[in-house]
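Listed below, chain by chain, are the residues.
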Amino acid sequence: MAEPLPLSGITVVSVEQAVAAPFATRQLADLGARVIKVERPGGGDFARRYDTTVHGESSYYVWLNRSKESVTLDLKTPAGRTVLERLLPTADVFVENLAPGAAERLGLGAEALAERFPTLIPCSVTGYGSTGPWADRKAYDLLVQCQTGLVSLTGNEHGSARVGVSVADIAAGMYAYSGILTALYTRATTGVARAVEVSLFEALAEWVSQPAHYTRHSGTQPPRIGTQHATIAPYGAYTASDGRDVLLTVQNEREWASLCEQFLRRPDLVEDPRFATSSDRVAHRRELNEIITARFGELDSQEALAHLERAGIANAEVYDIQEFLAHPVLQARGRWQDVSLPDGTAVSSLLPPVGLAGTVPRMDAVPAAGQHTLSVLAELGYGAADIDALRDQHAI
């Protein structure tokens, strides 16, 4: 008999949409929490319609919402809010990432919830924080990438670029997840339920702290240089003779000497004052890149990788997503597992990245919109006539 998952017995009610909050609650579901996702009647979470690439389902929704129960409620109706009010006493955690001010208008702000449900842990995922001059502004991933300066760091000399995944949403979802776990531990050890708040802006601000320190103290920000590293050299991708890109990285002077002697076949460079330290190599990046590029021109990608490996230099091919899907590490470690879509189709999904000894993460089906509405209502004591009345009021 399998051991219960760490969060078995924890119930999460989430009025969530898009990416950040669903990412946080999916990770709770992975660990065994019961996550009841509240969606809008007539379509549900708008992330369901971001695309239709996964057998008619959205790639975002499939990624973020496995192992959850979906209940449709119109919280703008009194009857819909009443259902939620009956659901909240059964919950340990309440998560929301509604539009600015919406939770407070619905009576779902942290202070109001604390008064009515003192053991409930409320978690709010906002754009720019619940207070301050931008509290009422909407925030989406790319807006936050721009506001934190991340876009100004990403790209090359020809222009900036967004990060290719929803990095602000992911950052906020990760911090919301860890904040909720911390709050659950605090409640278990002190009996006090603490509210959790995470903003997309402040989550991503943490992630750009290193270039922020660099800029504050140097007076200039790190340059955009594509696949090169802005402040370490050599660290980046070079093109081999077969047109494939290979990345190498040198982290210390021992590795620099090995690169010179065994890969570049230029032991004289070890003592070259232009390249004595990482800062020197950054200052003379152009000359350094000319030397490394010339060597890569003599080797195809597999030869280059083999030489770098023998020299003890960290290396990798630059994969596209199709190549990533077949990555030997994912295959050998069994990281893909089937998850069912609402129509029963099985699709491969990645297991959660954190392995916890003795536990197998939950990888249950992705729900259809409102799939669990009736069963949850029945748990709350709603009979058939009550449910018909909710339908008549367009509450479900």
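Higher on the page you've got the structure.
Along each chain, the written sequence defines residue order, and numbers are assigned to residues from 1. Only residues with pLDDT of at least 70 get local features here, since the model is predicted, and only at 80 or more are side-chain atom pairs given and counted; chain-wide, interface and lining totals rely on the full set of residues. Side-chain metrics rest on all non-hydrogen atoms present in the structure, leaving aside hydrogens and water.

A. Region of the structure containing the overall build of the chain. Counting secondary structure elements, the chain contains 18 helices and 13 strands. Taking the principal axes of the C-alpha coordinates as reference, the chain spans close to 85 × 45 × 40 Å. The cut-offs for exposure are 20% and 50% of the maximum accessible area for each residue type, with area from a 1.4 Å probe on protein chains only; residues under the lower value are buried, those over the upper are exposed, and the others partly exposed. A buried classification covers 44% of the 396 residues belonging to the chain. In the chain, once contacts between residues fewer than 6 apart in sequence are set aside, the share between residues at least 24 apart is 66%. Helix and strand definitions follow DSSP, with helices as H or I runs of at least four residues and strands as E runs of at least two, each counted in order from the N terminus. Any pair of residues with heavy atoms lying within 4.5 Å of one another is described as a contacting pair.

B. Representation of the pattern of salt bridges in the model. What counts as a salt bridge is simple: a side-chain nitrogen of Lys or Arg found within 4 Å of a carboxyl oxygen of Asp or Glu. In the structure shown here, the tally under the stated rule is 19 salt bridges. Residue glutamate 379 is joined to arginine 34 by a salt bridge in which the shortest nitrogen-to-oxygen separation is 2.6 Å. A residue pair is termed long-range when its members are at least 10 positions apart, and glutamate 379 in helix 17 (residues 373–379) and arginine 34 in strand 2 (residues 34–39) qualify at 345 residues. Note on arginine 34: relative accessible area 24%, which makes it partly exposed. Between lysine 37 and aspartate 45 there is a salt bridge, and its shortest N-O distance comes to 3.0 Å. What you see here is one network of salt bridges that share partners, running through Glu16, Lys37, Asp45 and Lys68.

C. Here's a closer look at the packing of helix 8 (residues 167–190) against helix 9 (residues 200–207). Where helix 8 meets helix 9, the axes come as close as 8 Å, and the angle between the chain directions of the two elements is 95 degrees. By the angle between their axes, helix 8 is roughly perpendicular relative to helix 9. Taken together, the residues of helix 9 that come into contact with helix 8 (itself represented by Val167, Ala168, Asp169, Ala171, Ala172 and Tyr175) are Leu200, Ala203, Leu204, Glu206 and Trp207. Residue polarity is assigned by list, with Asp, Glu, Lys and Arg as charged and Ala, Val, Leu, Ile, Met, Phe, Trp, Tyr, Cys and Pro as nonpolar; anything else, Gly included, falls into the polar class. Here the contact of helix 8 with helix 9 is composed, by residue class, of nine nonpolar, no polar and two charged. Each axis is a line fitted through C-alpha atoms, taken for helices only over the stretch in contact, and angles between the N-to-C directions span 0 to 180 degrees. Every angle not falling under 35 degrees, over 145, or within 65 to 115 is termed oblique; those three ranges are roughly parallel, roughly antiparallel and roughly perpendicular.

D. Examining the side chain of glutamine 17 more closely. In this structure, glutamine 17 sits in the loop between strand 1 (11–15) and helix 1 (20–30). Each polar contact in these results corresponds to two N or O atoms within 3.5 Å; when the atoms are within protein, one needs to be able to donate a hydrogen and the other to accept it, and residues that are neighboring in sequence are counted only if both atoms are side-chain atoms. Side-chain polar atoms of glutamine 17 contact the side chain of arginine 40, separated by 2.8 Å. If near-sequence neighbours (up to four positions away) are discounted, glutamine 17 is found in contact with Pro22, Arg40, Asp45, Phe46, Asn97, Leu98 and Ala99.

E. A look at the packing of aromatic side chains. For this analysis, a ring pair means two rings from Phe, Tyr or Trp (six-membered ring only for Trp) whose centres lie within 6.5 Å, classed as stacked if their planes differ by under 30 degrees, edge-to-face if by over 60, and tilted for the remaining angles. Within the structure shown, the criterion is met by ten aromatic pairs. Taken together, a centroid distance of 6.5 Å and an interplanar angle of 55 degrees make the contact between tyrosine 60 and tryptophan 63 tilted. Placement of the pair is tyrosine 60 and tryptophan 63 together in helix 2 (residues 59–64), with a separation of three residues, close to one helical turn. Following the ring pairs from residue to residue traces out a cluster consisting of Phe23, Phe46, Tyr50, Tyr60 and Trp63. We note arginine 86 situated over the ring of tyrosine 382; from NZ or CZ to the ring centre the distance is 4.1 Å. Think of it as a cone above the ring: NZ of Lys or CZ of Arg counts as a charge over the ring if it is within 6 Å of the ring centre and within 35 degrees of the ring normal.

F. Summary view of helix 14 (residues 301–310). Of the residues making up helix 14, those classed as buried are Ser301, Ala304, Leu305, His307 and Leu308. End-on view of helix 14: buried residues confined to an arc of 165 degrees, all on one side of the axis. Across from the buried face of helix 14, at angles greater than 90 degrees, the exposed residues are Glu309 and Arg310. Considering only its buried residues, helix 14 is in contact with strand 10 (245–249), helix 11 (253–263), helix 13 (285–296) and strand 11 (314–317). The residue sitting at the N-terminus of helix 14 and contributing the capping side-chain oxygen is aspartate 300; that oxygen lies 3.1 Å from the backbone nitrogen of glutamine 302. Arc definition: directions from the helix axis to the C-beta atoms.

G. Region of the structure containing the packing of helix 11 against helix 14. Following both chains from N to C, one finds helix 11 and helix 14 inclined at 130 degrees, their axes separated by 9 Å at the closest point. Considered as vectors, helix 11 and helix 14 are oriented oblique to each other. Relative to helix 14, the crossing made by helix 11 is right-handed. Two secondary-structure elements touch here, helix 11 through Leu259, Gln262 and Phe263 and helix 14 through Ala304, His307, Leu308 and Arg310. Residues of the contact of helix 11 with helix 14, tallied by class, amount to four nonpolar, two polar and one charged. Should the near helix be turned counterclockwise from the far one by less than a right angle, the crossing is left-handed, whereas a clockwise turn marks it as right-handed.

H. Examining the sheet that holds strand 3 (residues 68–72) more closely. Between any two strands, pairing holds if DSSP finds at least two bridges. Spatial ordering of the open sheet is given by 3-2-1-4-5-8, a layout of six strands whose pairing is parallel. Each having just a single partner strand, strand 3 and strand 8 (196–199) make up the two edges of the open sheet. Looking at each pair of strands side by side, their axes are set apart by 20 degrees on average, direction ignored. With five bridges connecting them, strand 2 and strand 3 associate as parallel partners. Among the inter-strand pairings, valine 38 is bridged to a residue of strand 3, identified as valine 71.

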